[in-house]
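So you can see what is in the structure, the chains are spelled out below.
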Amino acid sequence: MAGVGPENPPCPACGEPLFGWIDARPGLGGPVSRCESCGLGVIGGQGEVEEALRELDRLVQGGVLQVANRAGFSAWVGGAGWAGLEQGARYLFTVEAVRRLIANRDQVVKRARWAPGPGIAIMWQTILNGFTFGRNVALGALGRATASAAERPWQRRLDALISVVVALPVLFVALPLELLAAVFKRGGAASIEWELL
Ligand SMILES: [Zn+2]
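Read on for an overview of the structure.

Definitions and cut-offs
- Residues numbered from 1 in each chain as written.
- Predicted model: local features only at pLDDT ≥ 70, side-chain atom pairs only at ≥ 80, totals over all residues.
- Heavy atoms only, no water.
- Pairing = 2+ DSSP bridges.
- Helix = DSSP H or I, 4+ residues; strand = E, 2+ residues; numbered from the N terminus.
- Contact = heavy atoms within 4.5 Å.
- Axes fitted to C-alpha atoms, helices over the stretch in contact; angles between N-to-C directions.
- Salt bridge = Lys/Arg side-chain N within 4 Å of Asp/Glu carboxyl O.
- Buried < 20%, exposed > 50% of the residue type's maximum accessible area, 1.4 Å probe, protein only.
- Donors = N, O, S within 2.8 Å, 3.2 Å for Na, K, Ca; no water.
- Tetrahedral: all angles 85-135°; square planar, octahedral: opposite > 155°, others 65-115°.
- Left-handed = near helix turned anticlockwise from the far one by under 90°.
- Nonpolar A, V, L, I, M, F, W, Y, C, P; charged D, E, K, R; others polar.
- Arc of directions from axis to C-beta.
- Phe/Tyr/Trp six-rings, centres within 6.5 Å; stacked < 30°, edge-to-face > 60°.
- Lys NZ or Arg CZ within 6 Å of the ring centre and 35° of its normal.

1. Some thoughts on the sheet that holds strand 8 (residues 189-196)
Within a beta sheet, neighbouring strands are joined by backbone hydrogen bonds and run either parallel or antiparallel to one another. The strand order across the open sheet formed by four strands is 4-5-8-7, and the pairing between neighbours is antiparallel. Strands with a single pairing partner mark the edges of an open sheet, and in this sheet they are strand 4 (60-61) and strand 7 (107-114). The sheet contact formed by strand 5 (residues 64-68) and strand 8 spans four bridges and is antiparallel. Residue pairing across strands places Leu 65 opposite Ile 192, the latter belonging to strand 8. Taken strand by strand, helix 3 (residues 95-103) contacts strand 5, strand 7 and strand 8, and its axis lies near 165° from that of strand 7. Of the strands in this sheet, strand 5, strand 7 and strand 8 are in contact with helix 4 (residues 116-128), which crosses strand 8 at around 140°.

So this is what it looks like as structure tokens:
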């Protein structure tokens, strides 16, 4: 594909070149690149179809795949502070990237919908990340994400306090923002069901 090279390895989902998005930082396995065609995000260099499919399969619960949407509004406003950048993640999915990836094993997306609860939670935590030293502190405390704790103990104590104090006011901002994003098909999380061709 045009533009693919050592600096821009091919997207494992669609083959278009990947471009740098976010620099490496603590809690991430390397710099983050993204595909401008299908939206897939890849952390730590070149990706692989098989590996991406394995990561997808791990996110399936009760036959439904649930992903944070890298093409969502919260990822766009959040950038490096996006709550979907979870510690240990290697791929960041979009509905289109999932569609391309599962086509490799003759599967098609049967249904893809906005997932309201996770979408609102991601938007909420993304905004909270702007207030704290660490990342995903609140969702981590709620057992909904892996927190990347701040380095120093005083920062961690402050983060816990800040998360409690601003949790509710931030929710009043995050809720309408995420609802609006969903109206424009840019919700922060998606529930996807697939089936064999
Ligand atoms: Zn792609």
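Moving on from the model shown.
2. Focus: the pattern of salt bridges
What the rule picks out here adds up to five salt bridges. Among the salt bridges present, the one from Asp 57 reaches Arg 105, with a minimum N-O distance of 2.7 Å. On the criterion of sequence distance, the pair formed by Asp 57 in helix 1 (residues 49-58) and Arg 105 in the loop between helix 3 and strand 7 is long-range, its members being 48 residues apart. The class for Arg 105 is partly exposed, based on a relative accessible area of 28%.

3. Examining the coordination of the zinc ion
Within the protein, Cys 11 (SG), Cys 14 (SG), Cys 35 (SG) and Cys 38 (SG) serve as the donor atoms for the zinc ion, at 2.3 Å. Coordination at the zinc ion is tetrahedral: its four donor atoms span angles of 96 to 119° at the metal.

4. Regarding the packing of helix 1 against helix 3
The geometry of helix 1 relative to helix 3 is characterised by a closest axis approach of 10 Å and an angle of 115° between their N-to-C directions. Where helix 1 crosses over helix 3, the handedness of that crossing is left-handed. Contacts between helix 1 and helix 3 involve Val 49, Ala 52, Leu 53 and Leu 56 on the former and, on the latter, Val 98, Leu 101 and Ile 102. The residue makeup of the contact of helix 1 with helix 3, split by class, is seven nonpolar, no polar and no charged.

5. A short note on helix 1
Burial in helix 1 covers these residues: Ala 52, Leu 53, Glu 55 and Leu 56. Down the axis of helix 1, the smallest arc covering the buried residues is 160°, so these residues share one side. Across from the buried face of helix 1, at angles greater than 90 degrees, the exposed residues are Glu 50 and Arg 58. Of the surrounding elements, those touching the buried residues of helix 1 are strand 4, strand 5, strand 6 (91-92), helix 3 and strand 8.

6. Some points on the sheet that holds strand 3 (residues 41-43)
The sheet built from four strands is open, its strands ordered 1-2-3-6 with antiparallel pairing. The sheet is open, and its two edges are formed by strand 1 (18-22) and strand 6, each paired on a single side. When strand 3 meets strand 6, the two strands line up antiparallel, connected through two bridges. Its bridge partner being in strand 6, Gly 41 is matched across the sheet by Leu 92.

7. Things to note about the packing of aromatic side chains
One pass over the structure, following the stated rule, counts four aromatic pairs. The ring of Trp 21 carries the charged tip of Arg 70 above its face, separated from the ring centre by 4.8 Å.

8. Comments concerning the environment of Arg 186
Among the structural elements, Arg 186 can be located in the loop between helix 6 (153-183) and strand 8. Arg 186 sits in the partly exposed class, given a relative accessible area of 33%. Along the sequence, Arg 186 and Ile 43 sit 143 residues apart, while their C-alpha atoms lie 22 Å from each other. The residues contacting Arg 186, other than those within four sequence positions of it, are Ala 71, Gly 72, Phe 73, Trp 76 and Ala 181.

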